[in-house]
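# Summary of the model geometry
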Amino acid sequence: MGVRQHARQTADTELFNVVEMLQRAETPLYWVGAITTASLVLWLLYHILTGFRIWVLGNGDLLSPKLGKWAVVTGATDGIGKSYAEELARRGFSVMLISRSQEKLDDVARSLESLYNVETKTVAIDFGQNDIYSKIETALAEIEIGILVNNVGVSYPYPEFFLHIPDLSLFIDNMINVNITSVCHMTRLVLPRMEARAKGVILNISSASGMYPVPLLTVYSATKVFVDFFSRGLQAEYKSKGIIIQSVLPFFVATKMTKIRKPTLDKPLPDRYVASELTTVGLQDQTNGYFPHAVMGWVTTVLAPIRVVIYFAMRMNKAQRSGYLRRRKLR
Ligand SMILES: NC(=O)c1ccc[n+]([C@@H]2O[C@H](COP(=O)([O-])OP(=O)(O)OC[C@H]3O[C@@H](n4cnc5c(N)ncnc54)[C@H](OP(=O)(O)O)[C@@H]3O)[C@@H](O)[C@H]2O)c1
């Protein structure tokens, strides 16, 4: 046999081996493809149906005074808290409003009473202080609470490096008291009677800033992680006892806090945000509360690597900081 003929025979044998191998792999490869495609279709279908249930059908009349006559809202005189107070009054709840300024509390209370014909009570306290909870406990003692909205929160006056924050020590104490301590103590005061009646809802307003570290808003972002973990842990403890505890993580909403004056689709007015958020209660333990925010939440946590999110947050906040300091001529 010549060398050329031998080479051709070897090549034929190898080709035959490859074809045979491919033929043997054909059936398993077919099933891998079919199962992958079926899983993707099922995953997509599940998310479309779940999304439809949450964002289109909603939770019906779950949030009604059948849960308990009163709604208690902290930070209720502006922004998101005021919108919760209004929307819950519209649904028939009597509302206890808690904020610092008695004058603003009286204004909101009068407006709720005349618009929705509901009872109101007000408590003027500063959640930055620690010795306020016996006063709140006394005010809560007489009422049957169906829903508590732990909304009060403070952020930075402008994005800043940790060590450059003006009055840093006071700033830290105030932010922890308002954003964290208030949530724990309000829950401590309200939950026992909800547990005894085996019904009630607690909404804890965290923030999308609690979904990943946000540089130059670091303390705020960290307090909101606490709120999120506290809510989800408690929900696991109390779900079987009939209590709904939800962690709410909004992106930007046009309020005094964000200084956004012109609402857009992704930065809605608080009443639009709250109306949407309330449809998710009982359907999601953790929610961005508003469909465009849910999409933003998905993109920033599932699609984008966390390093990229932190990089862009740093860039955005540095630009905001420079703008603020330029305007204030502090640089
Ligand atoms: N706006 C957003 O884009 C956004 C995004 C994510 C999360 N959040 C969260 O949503 C919540 C509400 O934010 P917002 O934008 O609606 O805020 P906002 O417009 O600044 O309103 C804050 C409310 O809290 C009250 N408040 C502030 N400090 C207080 C204190 N020390 N003691 C008692 N009451 C106090 C204010 O009333 P007085 O000044 O009269 O006391 C006001 O009623 C916060 O927890 C915030 O972190 C907001």
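## A short note on the nonpolar core
If you look at the biggest cluster of nonpolar residues, it comprises 31 residues, and the most contacted ones within it are Tyr84, Leu97 and Ile147. For this core, the secondary structure elements donating two or more residues are β1 (70-74), α2 (79-90), β2 (94-99), α3 (102-116), β4 (145-150), β5 (200-205), β6 (243-248) and α7 (270-278). At five residues, the largest contribution of residues to this core is made by α2. Val123, Leu140, Ile145 and Val178 belong to the second-largest nonpolar core, a separate cluster that totals 29 residues.

## Some thoughts on the sheet that holds β2
A sheet is described by the order of its strands in space; here seven strands give the open sequence β3-β2-β1-β4-β5-β6-β7, paired in parallel fashion. Among the strands making up the open sheet, the edge pair consists of β3 (120-124) and β7 (286-287). When β5 meets β6, the two strands line up parallel, connected through six bridges. Of the residues in β6, the one forming a bridge with Ile202 is Ile245. This element, helix α5 (residues 168-197), spans β1, β2, β4, β5 and β6 of the sheet and lies at about 160 degrees to β4.

## What to know about the packing of aromatic side chains
Enumeration over the complete set of coordinates arrives at eight aromatic pairs. When the centroid spacing of 4.9 Å and the interplanar angle of 80 degrees are considered together, the rings of Tyr156 and Phe171 count as edge-to-face. Here Tyr156 is found in the loop between β4 and α5, whereas its partner Phe171 is found in helix α5, with 15 residues between them in sequence. On the basis of relative accessibility, which here comes to 7%, the residue Tyr156 falls in the buried class.

## A short note on the site of the ligand
Taken together, the neighbourhood of the ligand is formed by 32 residues, with Thr77, Asn151, Tyr220, Val253 and Thr255 sitting nearest. Interatomic distance of 3.4 Å between a backbone N/O atom of Gly75 and an oxygen atom of the ligand. Lys104 is positioned such that a nitrogen or oxygen atom in its side chain is 3.1 Å from an oxygen atom of the ligand. Considered on its own, the ligand offers 890 Å² of accessible surface; in the complex 95% of this is hidden by protein. Residue assignment for the shell around the ligand shows that the elements contributing at least two residues are α2 and α6 (218-238).

## Observations regarding helix α9 (residues 306-328)
Across its 23 residues, α9 extends 32 Å between first and last C-alpha, which sits within 8% of the 33 Å expected from 1.5 Å per residue. Looking at α9, one finds that the buried residues are Val309, Ala313, Asn317, Arg321, Ser322, Gly323, Tyr324 and Leu325. Looking at the packing, one finds that the buried side of α9 touches α8 (291-303). Of the residues trailing α9, Lys329 is marked for its positive phi of about 50 degrees.

## Some remarks on a nonpolar patch on the surface
On the surface, a cluster of nonpolar side chains totalling about 880 Å² of accessible area is made up of Trp43, Leu44, Ile48, Phe291, Val295, Trp298, Val299, Val302 and Leu303. Of all the secondary-structure elements, those providing two or more residues to the nonpolar patch are α1 (3-57) and α8. Ranked by residues supplied to the nonpolar patch, first place goes to α8 with six residues. For Leu303, the position within the fold is in helix α8.

Criteria and cut-off values
- Residues numbered from 1 in each chain as written.
- Predicted model: local features only at pLDDT ≥ 70, side-chain atom pairs only at ≥ 80, totals over all residues.
- Heavy atoms only, no water.
- Core = buried A, V, L, I, M, F, W, Y, C linked by side-chain atoms within 4.5 Å.
- Buried < 20%, exposed > 50% of the residue type's maximum accessible area, 1.4 Å probe, protein only.
- Helix = DSSP H or I, 4+ residues; strand = E, 2+ residues; numbered from the N terminus.
- Pairing = 2+ DSSP bridges.
- Contact = heavy atoms within 4.5 Å.
- Axes fitted to C-alpha atoms, helices over the stretch in contact; angles between N-to-C directions.
- Phe/Tyr/Trp six-rings, centres within 6.5 Å; stacked < 30°, edge-to-face > 60°.
- Near = heavy atom within 4 Å.
- Polar contact = N/O pair within 3.5 Å; in protein donor to acceptor, adjacent residues only side chain to side chain.
- Areas by Shrake-Rupley, 256 points an atom, 1.4 Å probe, with all protein chains shown as cover.
- Expected span 1.5 Å × (residues − 1).
- Patch = residues over 30% accessible without salt bridge, like charges linked within 9 Å, V, L, I, M, F, W, Y side chains within 5 Å.
- Salt bridge = Lys/Arg side-chain N within 4 Å of Asp/Glu carboxyl O.

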